[in-house]
Amino acid sequence: MNKKRVLSGVQPTGNLHLGNYLGAIRNWVEIQSEYDNYFCVVDLHAITVPHNPATLAQDTLKIAALYLACGINLNNSTIFVQSHVKAHTELTWLLNCITPLNWLTDMIQFKEKAVKQGENVGVGLLDYPVLMAADILLYDADKVPVGEDQKQHLELTRDIAVRINHLFGKKDQKILKLPEPMIRKEGARVMSLTDGRSKMSKSDPAEGSRINILDNADTIAQKIKRCKTDPIKGLTFDDPDRPECNNLLTLYTLLSGKTKEAVAVECLDMGWGQFKPLLTETTIEALKPIQQKYHEIMDERSYLTGVLGSGAEKAAATADKTLERVKGAMGYLPPAIL
Ligand code: AMP
Ligand code: TRP
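To keep things clear, this report deals only with the structure shown in the data block. Nothing here was measured: the structure is a model prediction, and the numbers come from that model.

1. Thoughts on empty space enclosed by the protein
One pass over the full model with this rule turns up one cavity of 30 Å³ or more. Empty space within the largest cavity amounts to approximately 50 Å³. Lining the largest cavity, in full, are Gln109, Phe110, Lys113, Leu125, Tyr128, Pro129 and His153. Every element with two or more residues in the lining of the largest cavity is listed here: α5 (108-117) and α6 (123-137). Partitioning the lining of the largest cavity into residue classes produces four nonpolar, two polar and one charged.

Next up, the structure:
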(Lines give C-alpha, C1' and ligand atoms only; values in the text may rest on other atoms or scores of the structure.)
(Ligands and ions follow the chains in the order given, each with its own letter.)
Protein backbone atom coordinates (compact mmCIF):
# COMPACT_ATOMS: atom_id res chain seq x y z
CA MET A 1 0.00 0.00 0.00
CA ASN A 2 1.21 3.50 -0.77
CA LYS A 3 2.22 5.53 2.23
CA LYS A 4 0.24 8.67 3.04
CA ARG A 5 1.93 11.95 2.33
CA VAL A 6 3.19 14.52 4.84
CA LEU A 7 4.27 18.07 4.04
CA SER A 8 5.56 20.77 6.36
CA GLY A 9 7.95 23.69 6.42
CA VAL A 10 9.74 26.31 8.49
CA GLN A 11 10.74 29.83 7.48
CA PRO A 12 14.41 30.76 7.27
CA THR A 13 13.97 33.79 9.50
CA GLY A 14 15.83 34.17 12.78
CA ASN A 15 17.05 31.26 14.84
CA LEU A 16 15.05 28.09 15.33
CA HIS A 17 13.96 27.78 18.94
CA LEU A 18 12.52 25.11 21.20
CA GLY A 19 8.99 25.98 19.99
CA ASN A 20 9.96 25.14 16.40
CA TYR A 21 11.71 21.99 17.52
CA LEU A 22 9.13 20.64 19.97
CA GLY A 23 6.07 21.94 18.13
CA ALA A 24 7.12 20.89 14.65
CA ILE A 25 10.44 19.28 13.67
CA ARG A 26 10.66 16.73 16.49
CA ASN A 27 7.23 15.46 15.46
CA TRP A 28 8.29 15.18 11.82
CA VAL A 29 11.18 13.00 12.91
CA GLU A 30 8.97 10.78 15.04
CA ILE A 31 6.39 10.06 12.35
CA GLN A 32 8.60 10.09 9.26
CA SER A 33 8.96 6.33 8.79
CA GLU A 34 5.18 5.89 8.45
CA TYR A 35 4.80 8.49 5.69
CA ASP A 36 6.17 9.76 2.39
CA ASN A 37 7.44 13.16 3.56
CA TYR A 38 8.22 16.51 1.98
CA PHE A 39 9.89 19.09 4.19
CA CYS A 40 10.59 22.45 2.68
CA VAL A 41 12.44 25.56 3.77
CA VAL A 42 9.83 28.21 3.02
CA ASP A 43 12.07 31.03 1.85
CA LEU A 44 9.32 32.78 -0.12
CA HIS A 45 7.41 33.20 3.13
CA ALA A 46 10.51 34.73 4.69
CA ILE A 47 10.17 37.95 2.68
CA THR A 48 6.58 38.71 3.77
CA VAL A 49 8.13 40.93 6.44
CA PRO A 50 11.27 42.97 5.78
CA HIS A 51 14.24 40.64 5.32
CA ASN A 52 17.99 40.85 4.94
CA PRO A 53 19.19 39.82 1.44
CA ALA A 54 22.73 39.38 2.77
CA THR A 55 21.70 36.49 5.05
CA LEU A 56 18.72 34.85 3.30
CA ALA A 57 20.75 32.21 1.40
CA GLN A 58 22.81 31.25 4.45
CA ASP A 59 19.70 31.14 6.67
CA THR A 60 18.07 28.82 4.13
CA LEU A 61 21.03 26.43 4.24
CA LYS A 62 21.01 26.56 8.05
CA ILE A 63 17.40 25.44 8.28
CA ALA A 64 17.98 22.59 5.83
CA ALA A 65 21.02 21.52 7.88
CA LEU A 66 18.93 21.63 11.05
CA TYR A 67 16.28 19.39 9.49
CA LEU A 68 19.01 16.81 8.88
CA ALA A 69 20.65 17.39 12.27
CA CYS A 70 17.34 16.88 14.08
CA GLY A 71 17.05 13.49 12.41
CA ILE A 72 15.12 13.84 9.15
CA ASN A 73 16.05 10.76 7.16
CA LEU A 74 16.42 11.02 3.41
CA ASN A 75 15.21 7.45 2.96
CA ASN A 76 11.72 8.58 3.94
CA SER A 77 11.84 12.29 3.27
CA THR A 78 12.54 14.87 0.60
CA ILE A 79 14.12 18.13 1.78
CA PHE A 80 13.93 21.10 -0.56
CA VAL A 81 13.81 24.87 -0.82
CA GLN A 82 10.43 26.38 -1.69
CA SER A 83 11.78 28.96 -4.16
CA HIS A 84 13.54 26.19 -6.13
CA VAL A 85 10.18 24.75 -7.16
CA LYS A 86 8.45 27.26 -9.41
CA ALA A 87 5.03 25.59 -9.12
CA HIS A 88 4.60 27.15 -5.63
CA THR A 89 4.35 30.69 -6.92
CA GLU A 90 2.32 29.73 -9.96
CA LEU A 91 -0.30 27.81 -8.00
CA THR A 92 -0.43 30.69 -5.51
CA TRP A 93 -1.58 32.98 -8.30
CA LEU A 94 -4.31 30.60 -9.41
CA LEU A 95 -5.50 30.17 -5.81
CA ASN A 96 -5.36 33.93 -5.20
CA CYS A 97 -7.96 34.49 -7.85
CA ILE A 98 -10.56 32.29 -6.16
CA THR A 99 -9.81 33.29 -2.55
CA PRO A 100 -12.16 35.90 -1.08
CA LEU A 101 -10.27 38.83 0.40
CA ASN A 102 -12.09 38.64 3.71
CA TRP A 103 -10.82 35.09 4.32
CA LEU A 104 -7.34 36.59 4.46
CA THR A 105 -8.09 39.72 6.46
CA ASP A 106 -9.63 37.39 9.10
CA MET A 107 -6.40 35.49 9.72
CA ILE A 108 -5.14 35.95 13.28
CA GLN A 109 -1.46 35.78 12.33
CA PHE A 110 -1.96 38.45 9.65
CA LYS A 111 -3.65 40.74 12.13
CA GLU A 112 -0.90 40.23 14.71
CA LYS A 113 1.98 40.68 12.27
CA ALA A 114 0.30 43.59 10.45
CA VAL A 115 0.11 45.59 13.67
CA LYS A 116 3.87 45.23 14.07
CA GLN A 117 4.50 46.46 10.49
CA GLY A 118 2.43 49.63 10.91
CA GLU A 119 1.97 51.51 7.62
CA ASN A 120 4.30 49.20 5.72
CA VAL A 121 2.23 46.04 5.55
CA GLY A 122 2.99 44.37 2.23
CA VAL A 123 0.47 42.52 0.08
CA GLY A 124 2.66 39.44 0.59
CA LEU A 125 1.88 39.35 4.30
CA LEU A 126 -1.84 39.21 3.54
CA ASP A 127 -1.26 36.58 0.85
CA TYR A 128 1.04 34.46 3.02
CA PRO A 129 -1.63 31.79 3.82
CA VAL A 130 -2.46 31.32 0.11
CA LEU A 131 1.20 30.56 -0.60
CA MET A 132 1.11 28.15 2.33
CA ALA A 133 -2.02 26.52 0.86
CA ALA A 134 -0.17 26.12 -2.45
CA ASP A 135 2.79 24.50 -0.62
CA ILE A 136 0.49 21.90 0.86
CA LEU A 137 -1.96 21.29 -1.99
CA LEU A 138 0.76 20.83 -4.64
CA TYR A 139 1.89 17.63 -2.91
CA ASP A 140 -1.58 16.14 -2.28
CA ALA A 141 -0.53 16.10 1.38
CA ASP A 142 -2.69 13.99 3.71
CA LYS A 143 -1.18 15.37 6.94
CA VAL A 144 0.51 18.61 7.90
CA PRO A 145 2.41 18.45 11.22
CA VAL A 146 2.60 21.96 12.69
CA GLY A 147 2.29 23.87 15.96
CA GLU A 148 -1.05 25.14 17.22
CA ASP A 149 -0.52 28.62 15.71
CA GLN A 150 -0.90 27.22 12.16
CA LYS A 151 -4.31 25.62 12.68
CA GLN A 152 -6.23 28.50 11.14
CA HIS A 153 -3.99 28.47 8.05
CA LEU A 154 -4.73 24.76 7.63
CA GLU A 155 -8.45 25.43 7.81
CA LEU A 156 -8.05 28.07 5.13
CA THR A 157 -6.10 25.60 2.98
CA ARG A 158 -9.00 23.16 3.19
CA ASP A 159 -11.50 25.90 2.34
CA ILE A 160 -9.46 26.87 -0.73
CA ALA A 161 -9.26 23.23 -1.87
CA VAL A 162 -13.01 22.78 -1.43
CA ARG A 163 -13.60 25.91 -3.47
CA ILE A 164 -11.35 24.80 -6.34
CA ASN A 165 -12.99 21.37 -6.37
CA HIS A 166 -16.44 22.95 -6.31
CA LEU A 167 -15.75 25.55 -9.00
CA PHE A 168 -13.74 23.45 -11.44
CA GLY A 169 -14.14 19.76 -10.54
CA LYS A 170 -16.35 17.37 -12.41
CA LYS A 171 -18.99 15.61 -10.30
CA ASP A 172 -16.98 13.00 -8.36
CA GLN A 173 -13.56 14.05 -9.49
CA LYS A 174 -11.56 15.95 -6.88
CA ILE A 175 -8.84 18.22 -8.21
CA LEU A 176 -7.17 18.93 -4.89
CA LYS A 177 -6.88 16.73 -1.82
CA LEU A 178 -8.04 18.11 1.55
CA PRO A 179 -5.16 17.95 4.05
CA GLU A 180 -5.52 17.41 7.77
CA PRO A 181 -3.54 19.24 10.42
CA MET A 182 -1.46 17.09 12.75
CA ILE A 183 -1.06 18.99 16.01
CA ARG A 184 0.37 17.19 19.02
CA LYS A 185 -1.04 18.10 22.41
CA GLU A 186 2.29 18.38 24.22
CA GLY A 187 4.66 20.96 22.74
CA ALA A 188 2.11 22.40 20.31
CA ARG A 189 2.45 25.75 22.04
CA VAL A 190 5.76 26.31 23.77
CA MET A 191 5.56 29.54 25.75
CA SER A 192 8.03 32.37 26.22
CA LEU A 193 10.53 32.09 29.07
CA THR A 194 9.79 35.64 30.13
CA ASP A 195 5.99 35.43 29.95
CA GLY A 196 4.17 32.12 30.26
CA ARG A 197 1.08 33.55 28.60
CA SER A 198 2.63 34.43 25.25
CA LYS A 199 4.16 31.96 22.82
CA MET A 200 7.88 31.53 22.27
CA SER A 201 8.57 33.36 19.04
CA LYS A 202 11.44 34.22 16.70
CA SER A 203 10.23 37.80 16.52
CA ASP A 204 10.16 38.54 20.27
CA PRO A 205 12.73 41.32 20.78
CA ALA A 206 13.75 39.76 24.12
CA GLU A 207 16.44 37.18 23.31
CA GLY A 208 15.96 35.75 26.83
CA SER A 209 12.39 34.76 25.96
CA ARG A 210 13.50 31.78 23.86
CA ILE A 211 16.09 29.02 23.81
CA ASN A 212 17.49 28.54 20.33
CA ILE A 213 18.42 25.08 19.12
CA LEU A 214 21.96 26.33 18.51
CA ASP A 215 22.44 28.16 21.83
CA ASN A 216 25.58 27.06 23.66
CA ALA A 217 25.56 25.62 27.18
CA ASP A 218 26.35 28.94 28.90
CA THR A 219 23.61 30.79 27.07
CA ILE A 220 21.07 28.09 27.90
CA ALA A 221 22.11 28.20 31.56
CA GLN A 222 21.80 32.01 31.66
CA LYS A 223 18.38 32.01 30.02
CA ILE A 224 16.95 29.38 32.35
CA LYS A 225 18.50 31.08 35.38
CA ARG A 226 16.76 34.34 34.49
CA CYS A 227 13.46 32.92 33.24
CA LYS A 228 10.21 33.93 34.89
CA THR A 229 8.86 31.70 37.67
CA ASP A 230 6.53 32.16 40.63
CA PRO A 231 6.96 32.16 44.40
CA ILE A 232 5.01 28.94 45.01
CA LYS A 233 6.85 25.88 46.30
CA GLY A 234 6.08 22.54 44.67
CA LEU A 235 5.80 22.32 40.88
CA THR A 236 2.61 21.23 39.15
CA PHE A 237 1.26 20.99 35.62
CA ASP A 238 -1.99 22.50 34.38
CA ASP A 239 -2.57 25.19 37.03
CA PRO A 240 -4.07 28.08 35.02
CA ASP A 241 -2.58 30.55 37.49
CA ARG A 242 0.93 29.15 36.95
CA PRO A 243 1.53 29.29 33.17
CA GLU A 244 5.32 29.52 33.58
CA CYS A 245 5.36 26.46 35.80
CA ASN A 246 3.32 24.44 33.32
CA ASN A 247 5.55 25.54 30.44
CA LEU A 248 8.84 24.72 32.17
CA LEU A 249 7.59 21.33 33.35
CA THR A 250 6.40 20.59 29.82
CA LEU A 251 9.81 21.51 28.42
CA TYR A 252 11.46 19.22 30.96
CA THR A 253 9.07 16.38 30.08
CA LEU A 254 9.63 16.64 26.34
CA LEU A 255 13.37 17.16 26.47
CA SER A 256 13.99 14.39 29.03
CA GLY A 257 11.74 11.92 27.22
CA LYS A 258 10.03 11.09 30.54
CA THR A 259 6.27 10.76 30.85
CA LYS A 260 4.17 13.59 32.21
CA GLU A 261 3.11 11.36 35.12
CA ALA A 262 6.72 10.61 36.06
CA VAL A 263 7.65 14.29 35.93
CA ALA A 264 4.61 15.26 38.01
CA VAL A 265 5.79 12.91 40.77
CA GLU A 266 9.47 13.86 40.44
CA CYS A 267 8.83 17.62 40.69
CA LEU A 268 5.92 17.69 43.13
CA ASP A 269 8.04 18.77 46.11
CA MET A 270 10.73 20.67 44.23
CA GLY A 271 11.49 24.37 44.44
CA TRP A 272 12.83 26.41 41.52
CA GLY A 273 16.37 26.30 42.94
CA GLN A 274 16.38 22.55 42.49
CA PHE A 275 14.41 22.41 39.24
CA LYS A 276 16.25 25.03 37.20
CA PRO A 277 19.65 23.25 37.20
CA LEU A 278 17.85 20.03 36.26
CA LEU A 279 16.09 21.68 33.32
CA THR A 280 19.36 23.34 32.28
CA GLU A 281 21.26 20.05 32.23
CA THR A 282 18.44 18.25 30.39
CA THR A 283 18.17 20.98 27.73
CA ILE A 284 21.92 21.08 27.12
CA GLU A 285 22.09 17.29 26.81
CA ALA A 286 19.07 17.10 24.49
CA LEU A 287 20.43 19.74 22.13
CA LYS A 288 24.08 18.62 22.16
CA PRO A 289 23.80 15.82 19.54
CA ILE A 290 21.73 18.05 17.25
CA GLN A 291 24.31 20.84 17.49
CA GLN A 292 27.20 18.48 16.78
CA LYS A 293 25.50 17.03 13.71
CA TYR A 294 24.51 20.51 12.53
CA HIS A 295 28.12 21.70 12.52
CA GLU A 296 29.28 18.58 10.68
CA ILE A 297 26.66 19.14 7.97
CA MET A 298 27.40 22.85 7.62
CA ASP A 299 31.07 21.99 7.15
CA GLU A 300 30.17 19.68 4.27
CA ARG A 301 28.57 22.28 2.05
CA SER A 302 28.61 20.23 -1.15
CA TYR A 303 26.70 17.41 0.53
CA LEU A 304 24.02 19.83 1.69
CA THR A 305 23.61 21.55 -1.68
CA GLY A 306 23.44 18.08 -3.27
CA VAL A 307 20.59 17.11 -0.93
CA LEU A 308 18.72 20.29 -1.84
CA GLY A 309 19.39 19.82 -5.55
CA SER A 310 17.93 16.34 -5.72
CA GLY A 311 15.18 17.35 -3.30
CA ALA A 312 14.07 20.17 -5.59
CA GLU A 313 14.07 17.85 -8.59
CA LYS A 314 11.89 15.28 -6.87
CA ALA A 315 9.58 17.91 -5.39
CA ALA A 316 9.16 19.64 -8.75
CA ALA A 317 8.18 16.37 -10.44
CA THR A 318 5.35 15.90 -7.92
CA ALA A 319 4.30 19.56 -7.78
CA ASP A 320 4.24 20.07 -11.55
CA LYS A 321 1.72 17.26 -11.98
CA THR A 322 -0.70 18.89 -9.54
CA LEU A 323 -0.21 22.28 -11.14
CA GLU A 324 -1.04 20.88 -14.58
CA ARG A 325 -4.11 19.18 -13.13
CA VAL A 326 -5.36 22.48 -11.70
CA LYS A 327 -4.58 24.45 -14.85
CA GLY A 328 -6.29 21.83 -16.96
CA ALA A 329 -9.41 21.98 -14.80
CA MET A 330 -9.39 25.79 -14.99
CA GLY A 331 -9.32 25.63 -18.77
CA TYR A 332 -5.78 26.75 -19.58
CA LEU A 333 -4.32 26.01 -23.00
CA PRO A 334 -1.53 23.43 -22.48
CA PRO A 335 1.86 24.63 -23.82
CA ALA A 336 2.36 21.45 -25.90
CA ILE A 337 -0.24 22.51 -28.47
CA LEU A 338 0.79 26.16 -28.76
P1 AMP B 1 7.86 29.50 11.99
O2 AMP B 1 8.87 29.80 13.02
O3 AMP B 1 6.74 30.46 12.03
O4 AMP B 1 8.41 29.24 10.63
O5 AMP B 1 7.20 28.12 12.47
C6 AMP B 1 7.68 26.84 12.12
C7 AMP B 1 6.92 25.75 12.84
O8 AMP B 1 7.14 25.86 14.26
C9 AMP B 1 5.40 25.79 12.65
O10 AMP B 1 4.90 24.47 12.54
C11 AMP B 1 4.91 26.43 13.91
O12 AMP B 1 3.59 26.04 14.23
C13 AMP B 1 5.90 25.90 14.95
N14 AMP B 1 6.03 26.82 16.09
C15 AMP B 1 6.49 28.10 16.06
N16 AMP B 1 6.48 28.63 17.30
C17 AMP B 1 6.01 27.66 18.14
C18 AMP B 1 5.77 27.59 19.56
N19 AMP B 1 6.04 28.61 20.38
N20 AMP B 1 5.29 26.43 20.06
C21 AMP B 1 5.04 25.38 19.24
N22 AMP B 1 5.23 25.37 17.92
C23 AMP B 1 5.72 26.50 17.36
N1 TRP C 1 3.38 29.27 7.96
C2 TRP C 1 4.22 28.29 8.55
C3 TRP C 1 4.81 28.87 9.84
O4 TRP C 1 5.12 29.99 9.96
C5 TRP C 1 5.33 27.86 7.64
C6 TRP C 1 4.79 27.16 6.45
C7 TRP C 1 4.77 27.65 5.16
C8 TRP C 1 4.24 25.87 6.41
N9 TRP C 1 4.25 26.73 4.33
C10 TRP C 1 3.89 25.64 5.04
C11 TRP C 1 3.97 24.91 7.38
C12 TRP C 1 3.30 24.45 4.65
C13 TRP C 1 3.37 23.73 6.96
C14 TRP C 1 3.03 23.49 5.61
O15 TRP C 1 5.01 28.17 10.74
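Back to the text.
2. Digging into unusual backbone geometry
At Asp140, a residue that is not glycine, the phi angle is positive and equals roughly 50°. Here Asp140 lies in the loop between α6 and β4 (143-145). For Asp140, a relative accessible area of 21% gives the class partly exposed. Notably, Asp238 is not glycine yet its phi reads approximately 60°, a positive angle. Residue position: Asp238 is located in the loop between α8 (217-226) and α9 (243-256).

3. So, the nonpolar core
Ranked by size, the top nonpolar core spans 57 residues in total, and within it Tyr67 and Phe275 carry the most contacts. In this structure, Leu126, Ile136, Leu137 and Leu176 belong to the second largest nonpolar core, which totals 41 residues.

Basis of the calculations
Residues numbered from 1 in each chain as written. Chains lettered and ligands numbered in written order. Predicted model: local features only at pLDDT ≥ 70, side-chain atom pairs only at ≥ 80, totals over all residues. Heavy atoms only, no water. 1 Å grid on protein atoms, 1.4 Å probe; cavity = no way out; pocket = protein on both sides within 12 Å on 5 of 7 lines; lining within 4 Å. Points joined across faces, edges and corners; volume = space filled by probe spheres on them. Helix = DSSP H or I, 4+ residues; strand = E, 2+ residues; numbered from the N terminus. Nonpolar A, V, L, I, M, F, W, Y, C, P; charged D, E, K, R; others polar. Buried < 20%, exposed > 50% of the residue type's maximum accessible area, 1.4 Å probe, protein only. Core = buried A, V, L, I, M, F, W, Y, C linked by side-chain atoms within 4.5 Å.

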